[in-house]
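Coordinates in review
Here's the letter readout for the chains.
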Amino acid sequence: MKRTMSYGKADVWVYRTYAKPLTVIRNIPESTFSGRNNILFGINVKVAVEGEAFFPSFKDGDNTLVVATDSMKNFILKHAGDYQGATQEGFLEFVAQRFLETYSHMTGIQISGEQISFEELPVPTNGSFEPSPLVFRYSLNEQAGASIEVTREKDEIITTNHLSSLKGLKLIKVKGSSFYGYVKDEYTTLPESHDRPLFIFLNIDWRYSDLEDARGNTPVGYVAAEQVRDIAYTVFHEENSPSIQNLIYRIGTRILERFPQLAEVRFESNNRTWETILDEIPASQEGKVFTEPRPPYGFQCFSMTRDDLESEEASK
Ligand SMILES: O=c1[nH]c(=O)c2[nH]c(=O)[nH]c2[nH]1
């Protein structure tokens, strides 16, 4: 069995100003997103390096070949200035390739990032409002993520894995969700609900058929996390859900329909349905009062490929 052995640096906060803008995005009906100006390109990077050459550092305390993780941090930051592209995926792959080119005893790099989002702020400009090109607001909302694996094989450096993601999307739908018809046995205490305030946390991952689209180097090939977010909330808005399981299936179907360049979509959802405290408020048409649910929470995991889409279309 292959041993686990890697080391690296996490929480490498990279802020690059005036990176190449991300333009030419595929237009989809669910989203007004048309690109990122990348005036601020911020990523929290984690890198892990692999190589048999590091074994003596673990076994014998021999640091001869150890590249200090502090130097890895500097390496990442320095290369943020050299990156010519417009996407997180492209940047991470670029850095990983440079690591293998620079240090011949490294054989594999696993690198991931979470984009730090800075929101545009409208400022009065020529009689209306335009986004300030100078001041941005740090956002604690959902984030775009990416992970890339690059390996040395003989004399070649190849990218062996990639995944893009949207992390921590939190959506509440105040009515129009149900959950009933499930198994009833001696363990069941949950009342059926025909209209619940459905609060969900979503992590969505997607994989491209062709990595060149993920790099952002092909016209309309890149799928922005903002567009995936917009599809997720639009489907939630449009359709009444009988369960989170079915909701994520429908979101996945829509994502695969809109983006033929994707091979796979994966979900991890959390059920954070609010607890109802007051079902009716006197003198209010339909107001209620809710609070946070008590732990524990439920979750769903599901992955879909284009085969699911084809069988979905065949059954229509
Ligand atoms: O959408 C849901 N799916 C479940 O499987 C489940 N189980 C549960 O208790 N509540 C819910 N909600």
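Basis of the calculations
Residues numbered from 1 in each chain as written. Predicted model: local features only at pLDDT ≥ 70, side-chain atom pairs only at ≥ 80, totals over all residues. Heavy atoms only, no water. Axes fitted to C-alpha atoms, helices over the stretch in contact; angles between N-to-C directions. Helix = DSSP H or I, 4+ residues; strand = E, 2+ residues; numbered from the N terminus. Parallel < 35°, antiparallel > 145°, perpendicular 65-115°, else oblique. Left-handed = near helix turned anticlockwise from the far one by under 90°. Contact = heavy atoms within 4.5 Å. Nonpolar A, V, L, I, M, F, W, Y, C, P; charged D, E, K, R; others polar. Near = heavy atom within 4 Å. Polar contact = N/O pair within 3.5 Å; in protein donor to acceptor, adjacent residues only side chain to side chain. Areas by Shrake-Rupley, 256 points an atom, 1.4 Å probe, with all protein chains shown as cover. Pairing = 2+ DSSP bridges. Expected span 1.5 Å × (residues − 1). Buried < 20%, exposed > 50% of the residue type's maximum accessible area, 1.4 Å probe, protein only. Arc of directions from axis to C-beta. Phe/Tyr/Trp six-rings, centres within 6.5 Å; stacked < 30°, edge-to-face > 60°.

**A few points about the packing of helix H5 (residues 225–238) against helix H6 (residues 244–258)**
Running from amino to carboxyl end, H5 crosses H6 at an angle of 130°, the nearest separation of the two axes being 9 Å. The angle between H5 and H6 falls in the class oblique. Between H5 and H6 lies a crossing of right-handed hand. Within the contact between the two elements, H5 uses Val228, Ile231, Ala232, Val235, Phe236 and Glu238 and H6 uses Leu247, Arg250, Ile251, Arg254, Ile255 and Arg258. A class-by-class count of the residues in the contact of H5 with H6 yields eight nonpolar, no polar and four charged.

**Side note on the site of the ligand**
Taken together, the neighbourhood of the ligand is formed by Phe179, Leu190, Arg196, Ser243, Ile244, Gln245, Asn271 and Gln300. Taking arginine 196, its side chain carries an N or O atom lying 2.8 Å from an oxygen atom of the ligand. The protein chains hide 69% of the 290 Å² of surface that the ligand would expose on its own. Its residues assigned to classes, the shell around the ligand comprises three nonpolar, four polar and one charged.

**Re the pairing of strand S6 (residues 143–153)**
Note: strand S3 (residues 108–116) against S6, seven bridges, orientation antiparallel. Note that in S6 the partner of serine 112 across the bridge is serine 147. When S6 meets strand S7 (residues 156–173), the two strands line up antiparallel, connected through 11 bridges. Within the sheet, the bridge partner assigned to arginine 152 lies in S7 and is isoleucine 157. Following S6, the chain reverses through two residues before pairing antiparallel with S7; lysine 154 in that reversal takes a positive phi of roughly 55°.

**Some points on the packing of helix H2 (residues 69–82) against helix H3 (residues 88–102)**
Direction vectors running N to C along H2 and H3 enclose 120°, while the axes themselves pass 10 Å from each other. On the basis of their axis angle, the class for H2 and H3 is oblique. Between H2 and H3 the crossing geometry is right-handed. Judged by residue contacts, Met72, Phe75, Ile76, His79, Ala80 and Asp82 of H2 engage Phe91, Phe94, Val95, Arg98, Phe99 and Thr102 from H3. Counted by class, the contact of H2 with H3 contains eight nonpolar, two polar and two charged residues.

**Overview of the pairing of strand S9 (residues 262–271)**
Note: strand S8 (residues 198–208) against S9, nine bridges, orientation antiparallel. Counted as the bridge partner of asparagine 203 is glutamate 268 from S9. The sheet contact formed by S9 and strand S12 (residues 298–305) spans eight bridges and is antiparallel. By the bridge assignment for S12, valine 265 is matched with methionine 304.

**Concerning H2**
For H2, which comprises 14 residues, the first-to-last C-alpha distance of 20 Å matches the rise-based estimate of 20 Å (1.5 Å per residue) to within 8%. Residues of H2 that are buried include every one of Met72, Phe75, Ile76, His79 and Ala80, and no others. All buried residues of H2 fall inside an arc of 140° around its axis, so they share one side. Exposed residues lying more than 90 degrees from the buried face of H2 are Lys78 and Gly81. The secondary structure elements touched by the buried residues of H2 are strand S1 (7–17), strand S2 (40–50) and H3.

**Focus: the environment of isoleucine 28**
Of note, isoleucine 28 is situated in the loop between S1 and S2. Considering only alpha carbons, one finds isoleucine 28 and threonine 4, 24 residues apart in sequence, at a separation of 42 Å.

**Section: the packing of aromatic side chains**
Taken as a whole and assessed by the stated rule, the structure comprises 16 aromatic pairs. Aromatic side chains phenylalanine 118 and tyrosine 138 sit 5.7 Å apart centroid to centroid with 70° between the ring planes, which places their arrangement in the edge-to-face category. With phenylalanine 118 in strand S4 (residues 118–125) and tyrosine 138 in strand S5 (residues 128–138), this residue pair connects regions lying 20 residues apart in the sequence. We classify phenylalanine 118 as partly exposed; its relative accessible area is 23%. By way of ring pairs, the aromatic residues Phe41, Tyr83, Phe91 and Phe94 are connected into one cluster.

**Digging into unusual backbone geometry**
Looking along the chain, the bond that leaves proline 295 and enters proline 296 is cis, with omega of -5°. Inspection of the secondary structure assignment puts proline 296 in the loop between strand S11 (289–291) and S12. The phi dihedral of aspartate 11 is positive, around 60°, even though this residue is not glycine. Along the chain, aspartate 11 turns up in strand S1. Despite not being glycine, asparagine 126 has its phi angle at roughly 45°, a positive value. Among the residues examined, asparagine 126 registers a relative accessible area of 80% and is labelled exposed.

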